[in-house]
Amino acid sequence: GKDRIIFATKEDHETPSSAELVADDPDDPYEEQGLILPNGDINWNCPCLGGMASGPCGEQFKSAFSCFHYSTEEIKGSDCVDQFRAMQE
């Protein structure tokens, strides 16, 4: 009942498409984004994190990674040693 089979003919494929492409909205929360969102925030749902943000030490990882990302120290992240140590423990 929920599925429907549609057969396309050769003639169907010869007709140019009338579909219009819509520009991506960088603020669309449902759009796939990279690690860093357009507004500079961390995308905790990025598959590149491999589940680290939601694993058993997810909160510690978020704390350490956030500290590093937003660090303004001359040696980036040098002010985050305590957070990374807490994550390792």
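Read on for a plain summary of the structure. (Residues numbered from 1 in each chain as written. Predicted model: local features only at pLDDT ≥ 70, side-chain atom pairs only at ≥ 80, totals over all residues. Heavy atoms only, no water.)

## Re the pattern of salt bridges
Across all of its chains, the model carries three salt bridges by this definition. Ionic pairing is found between K2 and D3, a salt bridge with its closest N-O pair at 3.2 Å. Of the two residues examined, K2 and D3, each falls in the exposed class. One salt bridge connects K62 with E59, and the closest N-O pair in it is separated by 4.0 Å. One end of the pair is K62 and the other is E59, both in helix α2 (residues 58-70) and three residues apart, which spans about a single turn. For K62, a relative accessible area of 24% puts it in the partly exposed group. (Salt bridge = Lys/Arg side-chain N within 4 Å of Asp/Glu carboxyl O. Buried < 20%, exposed > 50% of the residue type's maximum accessible area, 1.4 Å probe, protein only. Helix = DSSP H or I, 4+ residues; strand = E, 2+ residues; numbered from the N terminus.)

## Description of the packing of aromatic side chains
For the coordinates displayed, the defined rule picks out three aromatic pairs. Relative to F65, the ring of W44 has its centre 6.1 Å away and its plane inclined at 70 degrees; by these criteria the two rings are edge-to-face. Of this pair, W44 sits in the loop between α1 (10-14) and α2 while F65 sits in helix α2, and the two are 21 residues apart along the sequence. The partly exposed category is assigned to W44, whose relative accessible area is 26%. In textbook terms, an aromatic cluster arises when at least three aromatic residues are bridged by ring pairs, as seen for W44, F61 and F65. Stacked on the ring of F68, the Lys or Arg K76 has its end atom at 5.5 Å from the ring centre. (Phe/Tyr/Trp six-rings, centres within 6.5 Å; stacked < 30°, edge-to-face > 60°. Lys NZ or Arg CZ within 6 Å of the ring centre and 35° of its normal.)

## Some details on the state of the cysteines
Inspection of the entire model under this criterion finds two disulfides. With a sulfur-sulfur separation of 2.5 Å, C46 is cross-linked through a disulfide to C48. Residues C46 and C48 share a disulfide whose torsion about the S-S bond is about 130 degrees; that sign makes it right-handed. Owing to a relative accessible area of 9%, C46 belongs among the buried residues under this scheme. (Disulfide = S-S within 2.5 Å.)

## A closer look at the environment of C67
Counting through the fold element by element, C67 comes out in helix α2. The spacing of C67 and Q83 is 16 residues in sequence and 7.7 Å in space, taken between C-alpha atoms. Those residues in contact with C67, other than ones at most four positions away along the chain, are D79, C80 and Q83. (Contact = heavy atoms within 4.5 Å.)

## A look at the side chain of S71
Along the chain, the position of S71 falls in the loop between α2 and α3 (81-88). Take S71: its relative accessible area is 9%, and that puts it in the buried class. A distance of 2.8 Å separates a polar atom in the side chain of S71 from a polar atom in the side chain of D79. Setting aside chain neighbours within four positions, we find S71 in contact with K76, G77 and D79. (Polar contact = N/O pair within 3.5 Å; in protein donor to acceptor, adjacent residues only side chain to side chain.)

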